[in-house]
Amino acid sequence: YKLVISRLSLVPLETPHAVLEFQETTLMKRTESMRSEFVANVSHELRSPLATLIGFIETMQSGYSETDPQDRNAHIRFLGIMEGEAQRMSRMIDDLLSLTNVELREHERPRGQVDLKGLLREVIDTLVARGRRADVEIVLSLPDVVPCVCGDRDQLIQVFHNLIVNAVKYGGNGGRVEVNVKATENGLPDGGHGVQIGVRDFGDGIASEHIPRLTERFYRIDKGRSRDMGGTGLGLAIVKHIINRHRGRFHIESVLGEGSTFTVRLPAYKGGA
Ligand code: ADP
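Cut-offs applied
- Residues numbered from 1 in each chain as written.
- Predicted model: local features only at pLDDT ≥ 70, side-chain atom pairs only at ≥ 80, totals over all residues.
- Heavy atoms only, no water.
- Phe/Tyr/Trp six-rings, centres within 6.5 Å; stacked < 30°, edge-to-face > 60°.
- Lys NZ or Arg CZ within 6 Å of the ring centre and 35° of its normal.
- Axes fitted to C-alpha atoms, helices over the stretch in contact; angles between N-to-C directions.
- Helix = DSSP H or I, 4+ residues; strand = E, 2+ residues; numbered from the N terminus.
- Left-handed = near helix turned anticlockwise from the far one by under 90°.
- Contact = heavy atoms within 4.5 Å.
- Nonpolar A, V, L, I, M, F, W, Y, C, P; charged D, E, K, R; others polar.
- Salt bridge = Lys/Arg side-chain N within 4 Å of Asp/Glu carboxyl O.
- Buried < 20%, exposed > 50% of the residue type's maximum accessible area, 1.4 Å probe, protein only.
- Expected span 1.5 Å × (residues − 1).
- Polar contact = N/O pair within 3.5 Å; in protein donor to acceptor, adjacent residues only side chain to side chain.
- Near = heavy atom within 4 Å.
- Areas by Shrake-Rupley, 256 points an atom, 1.4 Å probe, with all protein chains shown as cover.
- 1 Å grid on protein atoms, 1.4 Å probe; cavity = no way out; pocket = protein on both sides within 12 Å on 5 of 7 lines; lining within 4 Å.
- Points joined across faces, edges and corners; volume = space filled by probe spheres on them.

Per an unreviewed UniProt entry, the protein goes by histidine kinase and derives from Magnetovibrio blakemorei.

Rendered as structure tokens:
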């Protein structure tokens, strides 16, 4: 708006108004169309597990013999697949709610004092305890002193959970995931010092054309693979919004065949500031 007004300051009064109104309408239309696109995406994403569920229910209802061991085995297998799909729908709804929650509060900066050392240990311990991929080692490197960051603890848990789970899921074939923490003096919007956390994997890496799109909702490089891993396509969108809310920085680097690093920078806690 500012730009339009200064550029048009020498023309008659009616013109800037017309331009502003036009811009406002364009903006509203764009927001409206983004909203419709989002609703269409959500409906599509929820419809696909539902279609699978309905398909299996119909198959199970037709021609089932309780005495036939083959039928019984097939039913047990079908129930397993159905449970997986229902769980995925449930995760998708949880992720959609998280995303909406973060978006609603994006302009309200979180002010808690968060000890990242303890938080990262907790996230990693929880993942290791679940032990889905014993073949991937998660290594946490911390300097002696890590400044506390300013933020919302639960949301930051979600950020590092999503990034480390992704590194294990998509880069786990490298056998190792590193979480490297260091204090940083720059790279933050307000110029103050903070903490940098890099989540690095040694997997196949990501082709450069995908990198700028990874934080879009529902963007997945390989839809089938993401689905098989129980993904929702919302994890990195949630990460981006949480980091924005914290006035932090989020950056993705990757080399094909070598692996990827997802870097987060968060402002240090300044004590009630
Ligand atoms: P999903 O639920 O599909 O994992 P995300 O938003 O978390 O959704 O990630 C989006 C996509 O980014 C994933 O489907 C995957 O293709 C890609 N991706 C995320 N993390 C990595 C990684 N560490 N290595 C390679 N690809 C990744």
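Moving on, there is more to tell.
A. Examining the packing of aromatic side chains more closely. Tallied over the full model, the rule gives three aromatic pairs. Here arginine 217 stacks its cationic end above the ring of phenylalanine 38, 4.4 Å away from the centre of that ring.

B. Structural detail: the packing of helix α5 (residues 153–171) against helix α7 (residues 235–245). Between α5 and α7, the least distance of the axes is 9 Å, while the angle of their chain directions is 145 degrees. For α5 against α7, the interelement crossing comes out left-handed. Across the interface between the two elements, Gln155, Gln158, Val159, Asn162, Leu163 and Asn166 from α5 touch Gly235, Leu236, Ile238, Val239, Ile242, Ile243 and Arg245 from α7. Residue classes in the contact of α5 with α7 are distributed as seven nonpolar, five polar and one charged.

C. Just the pattern of salt bridges, in detail. Applying the stated rule across the entire model yields 14 salt bridges. Linking arginine 133 and aspartate 135 is a salt bridge whose minimum nitrogen-to-oxygen distance equals 3.0 Å. On the basis of relative accessible area, aspartate 135 is assigned to the exposed category, the value being 52%. It is possible to trace a salt-bridge network through shared partners that takes in Arg105, Glu108, Asp152 and Arg245.

D. Examining helix α3 (residues 69–104) more closely. For α3, spanning 36 residues, the distance from its first C-alpha to its last is 53 Å, which sits close to the expected 52 Å at 1.5 Å a residue. At the N-terminal end of α3, a side-chain oxygen is found 2.8 Å from the backbone nitrogen of glutamine 70, two or three residues along, and the residue is aspartate 68.

E. The site of the ligand, seen in detail. If you check the shell around the ligand, you find 18 residues, and the closest are Tyr170, Ser226, Thr232, Gly233 and Leu236. With respect to the ligand, the side chain of lysine 169 contributes an N or O atom lying 3.4 Å from an oxygen atom. At a separation of 2.8 Å, an oxygen atom of the ligand approaches a polar backbone atom of glycine 233. A total of 530 Å² of accessible area belongs to the ligand in isolation, and the protein chains cover 95% of it. At the level of secondary structure, the elements contributing two or more residues to the shell around the ligand comprise α5 and α7. For the shell around the ligand, the residue count by class is nine nonpolar, six polar and three charged.

F. Just the layout of surface pockets, in detail. The volume enclosed by the largest pocket comes to roughly 1,400 Å³. Together, 46 residues line the largest pocket, and Val165, Asn166, Lys169, Tyr170 and Met229 are the ones closest to its centre. Going through the elements one at a time, α3, α4 (116–130), α5, α6 (223–228), α7 and β7 (259–267) are the ones with two or more residues in the lining of the largest pocket. Ranked by residues supplied to the lining of the largest pocket, first place goes to α5 with ten residues. Here the lining of the largest pocket is composed, by residue class, of 18 nonpolar, 14 polar and 14 charged. Forming the walls of the second largest pocket are 14 residues, and the residues nearest its centre are Met34, Arg35, Glu37, Phe38 and Arg217.

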